[in-house]
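Below are the chains, spelled out letter by letter.
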Amino acid sequence: MYRVAIEKLLKWKQSKRRKPLIIEGARQVGKTWLMKEFGRQAYADTVYINFDSNSRMAELFASDLDTDRLIMGLELYVGHKIDPNNSLLVFDEVQEVPRALASLKYFYENASQYHIVCAGSLLGIALHQGTSFPVGKVDFLKLYPLSFKEFLMATGKEQFAALLDSQDFQMITSFKQTYIDALKHYYFVGGMPEAVQSFTENKDFNEVREIQKRILAAYEQDFSKHAPNEIVPRLRMLWNSIPSQLAKENKKFIYGLVREGARAKDYETALLWLSDCGLVHKVSRVNTVGIPLRAYEDLKAFKLFVVDVGLLGCMAGLRQRTLLDGNDLFVEFKGALTEQYVCQQLKTIEDLDIYYYTNDRGSCEIDFVVDTGERIVPVEVKAEVNLRAKSLKTYQEKFSPEVSVRTSMADYKKEEWNAFINNKVKNIVIGLQQEITRAVIISPDMYVRFNVLSLYDWDIKTLADVFGGLSDRGFVDGNEVRDRLGLSPRDGLDELRVLENYIPYEMSAYQKKLVQGGAKDDGTE
């Protein structure tokens, strides 16, 4: 199974400023496998130490943290010499022995020749409980469930993953049904490695669902085992409310849906716990746009997404047939799954801060706005092929972003020219329009109006539909339509015409010629 993180680990190995590395991530996202696979690919020897219920390691790190002494103890434990140039030291479940975390400082300062990677399922929580931690002495790597691209590669579609990288969108469109089918499978299976491995080998959706149920049960056991007793009930209520929260039209997290009368302060610790152990992604609101977006973050308004789209479907009890074959009732939650998917993919991109936008009136909402460090990019999420996006248009008119993104099941389309007209030319020409109009204001019969539509890049079908309809209603003549289509004028098409019987549908019953038999008012024919 290929993971993009392997490439990052190889760069870490070659870095001249290499520090001990801590891999962060939720339970069962593949941290242990990744460390072992990295050792297998890049080192002659991998020294794997699991600190969970390991009394020998607890004793070794309990006293002096002298690195020579620690290396000698590790060599005695594994039964062979550790070569600093060709051995990878793997410290797994390192949160179980906090002194092992503290030792990383001394390995960095006094024995930097050793290559050390660490991981722990609840490491994020351990770091928030007063553990002595070597600040500035370690590197970090976040690991998430498999992305859609990694899912394609794991399921034998390496060429389709490579095609995405090539950005040959004409070719991608030719094979869009393959991508759509794979995406539906990804919505159900998700990116948890065990579920993906099972699906790759057996193509059994029921088996995948059982694996997901076991993972969710393990998370619930972690609540009881590791969380403070007083917050365990709140943890469970908050965690189990996420599917229903996402299914709401207003996807802002509402504490009242967790429990009637609930307040934010009652659940702050539980929310922090879930976030620290990597089980949820908290996406905060902004109501204005600027760099950095963090400066405009509204800490009181946020959405919560879970770690994996497959687990979300399992929590919601979503059946295979509903997702893969479709269902008329499966509308609102399809949107929730799609937002979860997009959030999950965005999270795999390094150095990308993710928020969502609403204006003060709540009349405009953008599903995600991302801060790349150089620009702010709005991302509108559509579950199907419907591309109507009133909120995105409102956002563009207000903030004039260089790039806007709309995700949907429609074919790829890059609207560079129309965006240029909207964001650059339109503002300039409107200014000129106002100046010229002001200059001729003394004449009541004169004005200046700029028709921005004339500059848009229309496709031939849109032109034919729009201007053909205008011609039928008598707004333009036939030669004006031909001119819009790039055709030469013809005789007899210079007059305005109105299509006979072009009336509203609801008025059709009043047309006498449409009455059966052509009956007249007096009943005669």
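Everything below is about the structure shown above.
Residues numbered from 1 in each chain as written. Predicted model: local features only at pLDDT ≥ 70, side-chain atom pairs only at ≥ 80, totals over all residues. Heavy atoms only, no water.

Peer 1: It is not clear to me how the sheet that holds strand S5 (residues 139-142) should be interpreted in this structure. Could you clarify?
Peer 2: Sheet strands pair by backbone hydrogen bonding; their relative direction is either parallel or antiparallel. Reading across the sheet, the five strands line up as S2-S3-S4-S1-S5 and stay open at both edges, with parallel pairing between neighbours. Looking at the sheet topology across the chains shown, the edges are occupied by strand S2 (45-50) and S5. Within this sheet the neighbouring strands show an average axis-to-axis angle of 20°, counted without direction. Sheet topology note: the strand S1 (residues 21-24)/strand S4 (residues 115-119) ladder contains three bridges and is parallel. Across the sheet, Leu 21 pairs through a bridge with Val 117, a residue of S4. In the packing of helix H4 (residues 67-78) onto the sheet, the strands contacted are S2 and strand S3 (87-92), and the crossing angle to S2 comes to about 95°. (Pairing = 2+ DSSP bridges. Helix = DSSP H or I, 4+ residues; strand = E, 2+ residues; numbered from the N terminus. Axes fitted to C-alpha atoms, helices over the stretch in contact; angles between N-to-C directions. Contact = heavy atoms within 4.5 Å.)

Peer 1: I keep staring at the pattern of salt bridges and nothing clicks. Help me out?
Peer 2: Two side chains bearing opposite charge may form a pair once their charged atoms approach each other closely. All told, the structure shown has 19 salt bridges when counted by the stated rule. One salt bridge connects Arg 27 with Asp 222, and the closest N-O pair in it is separated by 2.8 Å. With Arg 27 in the loop between S1 and helix H2 (31-42) and Asp 222 in helix H12 (residues 205-226), this residue pair connects regions lying 195 residues apart in the sequence. With relative accessibility at 28%, the residue Arg 27 sits in the partly exposed group. Put simply, Glu 384 and Lys 334 hold a salt bridge, and the shortest N to O gap is 2.6 Å. Taken as a pair, Glu 384 in the loop between strand S10 (376-381) and helix H18 (390-399) and Lys 334 in helix H17 (residues 332-347) lie far apart in primary sequence, 50 residues in all. Each of Lys 303, Glu 339 and Glu 365 takes part in one network of salt bridges that share partners. (Salt bridge = Lys/Arg side-chain N within 4 Å of Asp/Glu carboxyl O. Buried < 20%, exposed > 50% of the residue type's maximum accessible area, 1.4 Å probe, protein only.)

Remember that the coordinates give geometry; whether it matters functionally is a separate question.
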